[in-house]
Amino acid sequence: MPLHAPTSPSEALAGLWRLLDQPEAALSRVTLTGAEPALPSSFAVGTAAQASIAASALAAAELDRLRSGREQTVSVDMRHAAAEFRSERYLRVDGGPAPELWDSIAGTYRCGDGRWVRLHTNFPHHREGVLAILGCAGERDAVAEALKGWKAEDFEQRAAEAKLVVTAMRSFAEWDAHPQGQAVAALPVMSLEKIGEAPPLTLPPGERPQGDRPLSGVRVLDLTRIIAGPIGGRTLAAHGADVLLVTAPHLPSVEPLVIDTGRGKRAAQLDLRAAADKARFGALLRDAHVLIQGYRPGGIGDLGFGPEQAAAIRPGIVYVSLSAYGPDGPWAGRRGFDSLVQTASGLNVAEAEAAGVDGPKPLPAQALDHASGYLMAYGAMAALARQRREGGSWHVRVSLAQTGRWLRGLGRLDGGLSAPDPAQADIADLLEDSPSGFGRLTAVRHAGLLSETPPRWEQPSMPLGSHQPVWL
């Protein structure tokens, strides 16, 4: 018997589509191929990949229908979707491996009470902060020894107070009993709400010749880092949006993720703490259609560009927010990343139990990140369609924890962990080569296919700050 009968991909897609009140008839224009298990997991990771990518692709097709009148069909193959859910794993630069993704002390450790914690130390200030609390050298053995003097939840709390990113490992039962787990359980997987009045915006060019893509002329400000948010922007770029990634020189980044998720974008730098750069960003915002951001809750608002602030500057804006743990609950303001949310919310324990192993077992992909990224793109395009029909300013909210809850609800796969783990050679037919500012890239093509406007990335991935902060 299955661990919990899995949801079919078409049911998963329909659930996402209806949640944002999208036209029911559009679902008849989607073809989903392939079957689970797509990756070695007891969770329906392939279904999550296929459904989230299909939702974004279908939203692109629906927006195109509103703009051009044509009805495109959409197809997503599960094997391809699962490969794209691990796009950073398959990235190659000039035929060789991409730069190392993980810091040397990142990962899981057993504490003195026998429980586990996961440390995320890829940013230098996060690494230094953890080592300062532990008072030890930056070596795995030293960190492991120091954590023997801590209880897991005590260290989690101390790290949170220091604005670091650490979580204790919990089971589903423990997470469900936790106040934050309860807050997340009360939320849908994502939300779309009207936050201001505005007339419908004209999406340029007004009269679009056949052959233009669904998001041609749509200007997107991308204020995101790492995986989830950048994938949202990358997906919008795949369907023709002018995506301007805005970072700042003082902010840390992870190079292989910059390379992989930078495809299709221009990359500018502005320091929003400086008056002149803040004014330049405000000018960009006044001509934008979409703003996506994934910084700590309240961070962008503190700089003057939160959802309501942005709607006042640019009536009609579609504003997309990503958080770690959602808008409600005691952890609503906490920083977090996919691996940490997996650990905190029970996914690592459940996967380990299914595999019969001791200690944390992560999913075979950063599935919460990737699914959240496609949900952000889906929400942005669904909101653009609403804005075009009804006017208004709109706010889309996505969180890693809500996405994790959705993945958990898709059910479990008996024998899923015995599925093959696709290597580079196994997905060679899904890869494409392209030039970049880092060298020749080999990377996974986009899996959300439209019948008349195939997705593609026109802008090469470039180092941060390579472009001027202007619209084309």
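That block above? That's the structure.
Residues numbered from 1 in each chain as written. Predicted model: local features only at pLDDT ≥ 70, side-chain atom pairs only at ≥ 80, totals over all residues. Heavy atoms only, no water.

A count of helices and strands for the protein gives 18 helices and 17 strands. Computed over its C-alpha atoms, the radius of gyration of the protein comes to 21 Å, within 12% of the 23 Å expected for a compact globule of 472 residues. Summarising its shape, the C-alpha atoms of the protein cover approximately 65 × 55 × 45 Å along the three principal directions. When burial is assessed residue by residue, the protein has 60% of its 472 residues classed as buried. Of the contacts formed within the protein by residues at least 6 apart in sequence, a portion of 77% connects residues at least 24 apart. The distance from the centre of the 47 positive side-chain charges to the centre of the 52 negative ones in the protein is 4 Å. (Helix = DSSP H or I, 4+ residues; strand = E, 2+ residues; numbered from the N terminus. Rg over C-alpha atoms; globule rule 2.2 N^0.38 Å. Buried < 20%, exposed > 50% of the residue type's maximum accessible area, 1.4 Å probe, protein only. Contact = heavy atoms within 4.5 Å. Lys, Arg positive; Asp, Glu negative; His and termini not counted. Charge placed at Lys NZ, Arg CZ, Asp CG, Glu CD.)

Another point: the side chain of Ser41. Along the polypeptide, Ser41 turns up in the loop between strand S1 (30-33) and helix H2 (45-68). One polar contact links Ser41 to Glu351, side chain to side chain, over a distance of 2.7 Å. Those residues in contact with Ser41, other than ones at most four positions away along the chain, are Glu351, Leu363, Pro364, Leu413, Gly416 and Leu417. (Polar contact = N/O pair within 3.5 Å; in protein donor to acceptor, adjacent residues only side chain to side chain.)

Going residue by residue along strand S2 (residues 74-77), you find Val74 and Val76 tucked away on one face and Ser75 and Asp77 left uncovered on the opposite face. With respect to chirality, the unit in which S1 leads through H2 into the neighbouring parallel S2 is left-handed. Here S2 pairs with strand S17 (residues 449-450) via two bridges, running antiparallel. Along S17, the bridge assignment pairs Ser75 with Leu449. (Right-handed = clockwise from strand over helix to strand, strands pointing away. Pairing = 2+ DSSP bridges.)

A word on helix H10 (residues 228-238). One full turn of an α-helix is made of 3.6 residues, so residues set three or four places apart face in the same direction. The element H10 is largely enclosed, with a buried count of eleven among its eleven residues. Looking at H10, one finds that the buried residues are Ala228, Gly229, Pro230, Ile231, Gly232, Gly233, Arg234, Thr235, Leu236, Ala237 and Ala238. Phi turns positive one or two residues past the end of H10, at Gly240, with a value near 105 degrees.

Bringing the packing of aromatic side chains into the picture now. Tallying each qualifying case throughout the model produces nine aromatic pairs. Taking 6.2 Å as the distance between ring centres and 90 degrees as the angle between the ring planes, the aromatic pair formed by Phe43 and Phe172 counts as edge-to-face. Of this pair, Phe43 sits in the loop between S1 and H2 while Phe172 sits in helix H8 (residues 172-177), placing them 129 residues apart in sequence. Judged on exposure class, the residue Phe43 and its partner Phe172 are both buried. Following the ring pairs from residue to residue traces out a cluster consisting of Trp175, Tyr325 and Trp331. It is Arg263 that lies over the ring of Trp457; its NZ or CZ is 4.6 Å from the centre. Just above the ring of Phe172 sits the side chain of Arg408; from NZ or CZ to the centre is 3.9 Å. (Phe/Tyr/Trp six-rings, centres within 6.5 Å; stacked < 30°, edge-to-face > 60°. Lys NZ or Arg CZ within 6 Å of the ring centre and 35° of its normal.)

On the basis of which strands lie adjacent, the open sheet formed by three strands has the order S1-S2-S17 and mixed pairing. Pairing within the sheet leaves two strands with one partner each, and these edge strands are S1 and S17. As paired elements, S1 and S2 share four bridges and run parallel to each other. Each residue of the ladder has a partner; that of Thr31, found in S2, is Ser75.

Next up on the list: the sheet that holds strand S13 (residues 318-323). Sheet architecture is open: seven strands sit in the order S8-S14-S13-S12-S9-S10-S11, paired in mixed fashion. At either margin of the open sheet sits one strand with a lone partner, and together these are strand S8 (190-196) and strand S11 (265-269). Within the sheet, the average angular offset between the axes of one strand and its neighbour, ignoring direction, is 20 degrees. Across five bridges, strand S10 (residues 242-247) lies against S11 in parallel orientation. Directly across from Val246, in S11, lies its bridge partner Ala268. Packing of helix H12 (residues 275-286) onto the sheet brings it into contact with strand S9 (219-223), S10 and strand S12 (290-293), and relative to S9 it is tilted by some 140 degrees. (Axes fitted to C-alpha atoms, helices over the stretch in contact; angles between N-to-C directions.)

What follows concerns the pattern of salt bridges. Enumeration over the complete set of coordinates arrives at 28 salt bridges. Across the salt bridge formed by Glu145 and Lys148, the nearest N and O atoms sit 3.3 Å from each other. Overall, Lys148 belongs to the exposed group, its relative accessible area being 53%. As a salt-bridge pair, Arg273 and Asp271 come within 2.9 Å of each other at their nearest N and O atoms. Judged by its relative accessible area of 17%, Asp271 falls in the buried class. The network of salt bridges with shared partners includes Arg115, Glu153, Glu156, Arg170 and Glu174. (Salt bridge = Lys/Arg side-chain N within 4 Å of Asp/Glu carboxyl O.)

Once that is clear, we can look at the pairing of strand S16 (residues 441-444). The pairing of strand S3 (residues 92-93) with S16 spans two bridges and is antiparallel. Directly across from Arg92, in S16, lies its bridge partner Thr442. As judged from the four bridges shared by strand S15 (residues 431-434) and S16, these two strands associate in the antiparallel manner. When the sheet's bridge partners are listed, Asp433 is paired in S16 with Thr442. Counting the residues that bridge the hairpin from S15 to S16 gives six residues, and of these Gly439 lies at a positive phi of roughly 130 degrees.

Our focus in this paragraph is the nonpolar core. Core analysis: the biggest nonpolar cluster contains 97 residues, and Leu236, Val290, Tyr325, Tyr378 and Trp406 have the highest contact counts within it. Once residues lying within four places of it in the same chain are set aside, the contact partners of Trp406 are Ala12, Leu16, Ala48, Ala51, Ser52, Val189 and Ala371. (Core = buried A, V, L, I, M, F, W, Y, C linked by side-chain atoms within 4.5 Å.)

Relative to the assigned elements, His467 resides in the segment after S17. On the basis of relative accessible area, His467 is assigned to the partly exposed category, the value being 21%. With residues up to four places along the chain from it excluded, the contact list for His467 reads Lys265, Arg266, Ala267, Ala268, Gln459 and Met462.

Let us now look at the packing of H2 against helix H17 (residues 367-390). One can describe the packing of H2 onto H17 by two numbers: an axis separation of 9 Å at closest approach and a directional angle of 20 degrees. Of the possible angle classes, the one that applies to H2 and H17 is roughly parallel. When the axes of H2 and H17 are compared, the crossing they make is left-handed. Across the interface between the two elements, Val45, Ser52, Ile53, Ala55, Ser56, Ala59, Ala60, Leu63, Leu66 and Arg67 from H2 touch Ala367, Ala371, Tyr374, Leu375, Ala377, Tyr378, Met381, Ala382, Leu384, Ala385, Arg388 and Arg389 from H17. (Parallel < 35°, antiparallel > 145°, perpendicular 65-115°, else oblique. Left-handed = near helix turned anticlockwise from the far one by under 90°.)

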